[in-house]
Amino acid sequence: MNGEINFNVNINENINQIKGVLGNSNDLLVRIFDINTKKTVIKLAILYISGLADEKKLDNLSLEFNQLINSNNYDFQKSLDTFYERLKASFLCSSKAMEGFDYETLYNQILSGNTIILIDGYPKFLIFETFGPESRSVSEPTSQTIVRGPKEGFTEKISTNISQLRRIIKDKSMKIENMTIGDLTKTSVAMVYLDQIAKTEIVDEVRTRLSNIQVDGILESGYIEEFIKDDPYSIFPTVLNSEKPDSVAAGLLEGKVAIVVDGTPFVLTVPAFFTDFLQVSEDYYHHFIIASVVRIIRIISLFLSLTVPAIYIALTTFHHEMIPTPLLISIASQREGVPFPPFFEAILMELTFEVLREAGIRMPRAIGSAISIVGALVLGQAAVQAGIISAVVVIIVSLTAITSFAIPNYSLSNAIRILRFIMMILANSFGIFGLYVGIMILVLHLSKLKSIGVPYLTPYAPRIYRENKDTFLRYPFWKLNNRPSMTSKSKEPRIKTNAPISGDKQQQELK
Amino acid sequence: MKLKKRAFIIIILTTMLCIFLSGCWNNRRIDSLAFAISMGFDKTDKGILLTVEVLNPHAIASQKTINEPTVVLYTEEGQSTNELVRKIITQSSRKVNVTHLQTVVFGEEFAKEGISDVLDYLTREHQVRTDLYFVVARENTAYRILNNLTKLDTNPSVKLSASLKASDETWAGTRTVKVIDLVNSIISDGAEPAITGVIMTGHSKVDDNLDDLKEVKADPLKIIDLAVFKKDKLVGWLNESECKGYNYVTNHVPSSMTYVEDRDYGIIGLEVIGTKTKVEASLENGKPIITVNMKIRVNIESATDKIDLSKGDNIHYVENLAEAKLTKNVGLSIMKAKRLQSDIFGFGDVVHRTYPKEWEKFKDDWDKEFAKMPVVIKGTVRVVKTGTISNSYFMKEKK
């Protein structure tokens, strides 16, 4: 069954064995036919799995086969070798033809949707690439919606995804390295990078990490993300995922390496920095002042989402003097008659919100509206009116909810969501002091993190002044001269026009 | 490896213990505290009568209307302030918290005995904010001042501190003092403290009857006059115009209203939009002389039809009238202070700064030196604008 050369040459025996190994499943189609030559009759067999092979490609193949059979000018007098070579050469135009001579290859190829042609009495077989399963067409990404910019997203098909990248970057330096990961799923994974920009160390590191993955199956790029992450226990994402070809292409232009995984529209980009998770491709399509302000709003949202409930708990249980008197009067009057301490109150409402959020995602669409009614009316309003929860806490929970939605990356948003609870516990035990220590530990942790060997807080720590132009603020394009030095080896400026271009200036330069 | 794992678990456990065992320590919930917003101090036979006005959040709660006052008064008699504050728990279900103390009211009798003990408590206690205001109840006790309900601001103490703050910025006739300034002026050799007074107007009855609030009447509390202290003891009062003089000398009139009166032109209202006062000291025959130089900018706010404001001479005339009134007010307030032998203007500090060596001679007996010292008052008033119109509309009709 395995082994290389001992391919059984008898075609009927072969077919029976293949059928047996594949469990006599009825989606394996076998066609046996004869080719009459002047001297002998050559027996051929075509095998493929019906659902995996593309109908169109099969049609083409059979068309060419018909031509071959009908044109009787094939004179195979010498041997099967010449017949085989002629056969192989005559199909080159329709689809890729490869050859194989052992069972292992045969099973792999047939299960990958390719078509096999066996020749009776000959130890080699031909493989035609006919893989083309049913797949989704390119559509708008659902997880990253935008107002302005390309609306197409990646699909589950790796070849479509790579072609989308190819269509954006039409340069010969874009390299694609294919590999197969997963002992059973044999998922094809492609590493895409720009040869002249990406740092060789990073590319090599990514390649080694990917090739060292030993697992039975890869079902989504999240598997790969967890395997190649530098600090596997850290809650912060150090691998960026995106559903949008334009943002992946932007990463490639900065010297990053994209990892495209078959079967998922989420393409990974490494190395990823903390600031990358707060940026959106749309930032670059709008005016730079607007983009900068929006980025600042996102950073404020991140901070608020992390700390607002903790600050509320700290102020109401420890630091009453820090609340302005009129506000204190209002909070005190609202808290009058509320049976729970602020910490419990806040935890209760935050948990309720998290449950609502989780339920909202998992619920069937049709009953989704019921969730919002229960959440908003029953929990929010009734709890306040019944005096179980104070109105301030409802405001605070809504604020954290809104601010957490303003974080563009879902992975980072999730991390902040969990850390918020830790901050609340710290605030309840040590007040503002605890919150402060918590934030300090968080910053230390962030500075320790690395993404494929590159510090996570680049360009803040290590501080690179020149590259601070595209972090909290987005400078105009004509100021973003250099590629990030941590990821790109090319010292060539990416923007060669210095000032805003105007006709007058060009004329002056000409003179 | 095993050791490392065990060490890790021990670290985690100790951190958890730190967090959860200390959880209740010093944890004070808002609804378990009684927030004192003002304190009153009166003198009694037993020592101090402490009146604490505490917020009643129950009554402020917006949705329900409860026939309850927004504040609750607690009184306690004894010797030591901090003991009395804590002792209120015997009357109230909640512990008194002084972090939001806004005003401190001294009864007149108490102020005469000295306020330094209270100031020590307020500056030593870490919970007290430093932005609270002081007032002295003129011819009254602090208890009676605090035992009033006010309008507009439902809360008497909030009303008191709000009107103190507002009048400090917009009216020259009052003066607020923060705790730091008060302590500084007490310990300084060349300056004495002065605190705004508060009186009860005729309307008020001493009870906290809510029905009283339903009548359309003015608030029972009025900020007026200035209590003059010598060290920490009350020695006398400046009336409203003298208080204005005091504020002009100490450069503390961000904005105010005044008027000048003339036989021919009637009453002309002026808005003070800026003052700049320089106090300088000089020595003559070894004795100090103080020169007060005031530059005041005013706008004309109201005028009668008798004066033609389009003429420069008339404007000058108004300026001269205002200068005369200003120097008179300032003179009166300095005279009063001299009579009380209390240098509330801080002239001593000016002498100290200018002549540090000679100051040693006057230092010990500055009160008497101050009473004898000649003070030169120079006032310059400049009219900047005459408002949005120049002459009164009614002037033409008479012609």
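Treat the numbers as computed from the prediction; the structure is a model and nothing was measured.

What follows concerns a nonpolar patch on the surface. All names here are of chain B. Residues Phe8, Ile9, Ile12, Leu13, Met16 and Phe20 make up a contiguous nonpolar surface patch of about 620 Å² in total accessible area. Looking at the secondary structure, you find Ile9 in helix α1 (residues 2-21). We classify Ile9 as partly exposed; its relative accessible area is 47%.

What follows is about the interface of chain B and chain A. Facing the 26 residues of chain B at the interface are 25 residues of chain A. Interface of chain B and chain A: buried area, both sides summed, is about 2,100 Å²; carbon and sulfur atoms make up 61% of it. In terms of surface lost to chain A, no three residues of chain B exceed Arg29, Ile30 and His100 of chain B, which account for 26% of the buried area on that side. Run the count over chain B and chain A and you get one salt bridge. Here Arg94 of chain B makes a salt bridge to Glu336 of chain A, at a shortest N to O gap of 2.7 Å.

Before going further, it helps to spend a moment on the side chain of Lys229 of chain A. All names here are of chain A. Considering the arrangement of structural elements, one finds Lys229 in the loop between α7 (221-228) and β8 (240-242). For the buried Lys229, no salt bridge exists, and the shortest N-O distance to an oppositely charged side chain is 5.7 Å, to Glu225. Here Lys229 is in contact with Arg209, Ser234, Phe236, Pro237 and Thr238, once residues within four sequence places are set aside.

Bringing the pairing of strand β4 (residues 115-119) of chain A into the picture now. All names here are of chain A. Counting buried positions along β4 gives five out of five residues, so the element sits mostly inside the fold. By the alternation rule, side chains of β4 split into Thr115, Ile117 and Ile119 and Ile116 and Leu118, which are all buried. Sheet analysis places strand β2 (residues 41-49) next to β4, joined by four bridges and oriented antiparallel. Residue pairing across strands places Leu44 opposite Ile119, the latter belonging to β4. Alignment of β4 against strand β5 (residues 125-128), held across four bridges, turns out to be antiparallel. From the neighbouring strand, Ile117 faces β5, where its bridge partner is Leu126. As consecutive antiparallel partners, β4 and β5 are separated by five residues, and within that stretch Gly121 has a phi angle of approximately 80°, a positive value.

All chains considered together, the criterion is met by 33 salt bridges over all chains. Note that Lys256 of chain A and Glu254 of chain A form a salt bridge whose closest N and O atoms lie 3.6 Å from each other. As a salt-bridge pair, Lys112 of chain B and Glu108 of chain B come within 3.8 Å of each other at their nearest N and O atoms. Of this pair, Lys112 of chain B and Glu108 of chain B are both found in helix α4 (residues 108-113), four residues apart, which corresponds to roughly one turn of the helix. Given a relative accessible area of 39%, Lys112 of chain B falls into the partly exposed group. Classification of Glu108 of chain B as buried rests on a relative accessible area of 9%.

What follows is about empty space enclosed by the protein. Gaps between atoms show up when a probe of the same size as a water molecule is rolled over them. Residues and elements named next belong to chain B. Considering all chains together, one arrives at four cavities of 30 Å³ or more under this definition. Computed from the structure, the largest cavity encloses a volume of approximately 150 Å³. Tyr248, Thr258, Ala322, Lys325 and Leu326 are, among the 14 residues lining the largest cavity, the residues nearest its centre. Those elements that provide at least two residues to the lining of the largest cavity are α9 (240-249), β10 (256-262), β11 (266-284), β12 (287-302) and α10 (312-340).

What follows covers the environment of Thr354 of chain B. Residue and element names in this part refer to chain B. Considering the arrangement of structural elements, one finds Thr354 in helix α11 (residues 347-354). Put simply, Thr354 and Val260 are 94 residues apart on the chain and 36 Å apart in space, counted from C-alpha to C-alpha. Only 2.5 Å separates the side chain of Thr354 from the backbone oxygen of Val350, close enough to count as a polar contact.

Residue and element names in this part refer to chain A. Taking strand neighbours across the sheet as the criterion, the five strands line up as β1-β2-β4-β5-β3 in an open arrangement whose pairing is antiparallel. Every other strand in the sheet has two partners, leaving β1 (28-36) and β3 (97-100) as the edge strands with one partner each. Direction aside, the axes of adjacent strands within the sheet are offset by 25° on average. For β3 and β5, the ladder comprises four bridges, and the chain directions are antiparallel. In the strand pairing of β5, Met98 is matched with Ile127.

A common way to state how big an interface is: give the accessible area lost once the parts meet. Residue and element names in this part refer to chain B. Assigned domains of chain B: these are domain 1 (26-238) and domain 2 (239-399). On a C-alpha basis, the centroid separation for the pair domain 1 and domain 2 is 32 Å. Between domain 1 and domain 2, the residue contacts involve 25 residues of the former and 30 residues of the latter. On the domain 1 side of the interface with domain 2, the three residues burying the most area are Ala172, Arg175 and Leu238, jointly 29% of the side's total. Where domain 1 touches domain 2, the interface holds one salt bridge. A salt bridge links Lys230 to Asp367; the nearest nitrogen and oxygen atoms lie 3.8 Å apart. Summed over the shared surface of domain 1 and domain 2, the result is 11 residue pairs in polar contact (both at pLDDT 80 or more). For the side of domain 1 that touches domain 2, the secondary-structure elements that each account for two or more residues are α7 (156-170), β8 (221-230) and β9 (233-238). Here the side of domain 1 that touches domain 2 gets six residues from one element, more than from any other, and that element is β8.

Analysis parameters
Residues numbered from 1 in each chain as written. Chains lettered and ligands numbered in written order. Predicted model: local features only at pLDDT ≥ 70, side-chain atom pairs only at ≥ 80, totals over all residues. Heavy atoms only, no water. Patch = residues over 30% accessible without salt bridge, like charges linked within 9 Å, V, L, I, M, F, W, Y side chains within 5 Å. Areas by Shrake-Rupley, 256 points an atom, 1.4 Å probe, with all protein chains shown as cover. Salt bridge = Lys/Arg side-chain N within 4 Å of Asp/Glu carboxyl O. Helix = DSSP H or I, 4+ residues; strand = E, 2+ residues; numbered from the N terminus. Buried < 20%, exposed > 50% of the residue type's maximum accessible area, 1.4 Å probe, protein only. Contact = heavy atoms within 4.5 Å. Buried area = accessible area lost by both parts, 1.4 Å probe. Lys, Arg positive; Asp, Glu negative; His and termini not counted. Pairing = 2+ DSSP bridges. 1 Å grid on protein atoms, 1.4 Å probe; cavity = no way out; pocket = protein on both sides within 12 Å on 5 of 7 lines; lining within 4 Å. Points joined across faces, edges and corners; volume = space filled by probe spheres on them. Polar contact = N/O pair within 3.5 Å; in protein donor to acceptor, adjacent residues only side chain to side chain. Axes fitted to C-alpha atoms, helices over the stretch in contact; angles between N-to-C directions. Domains from an automatic or database assignment.

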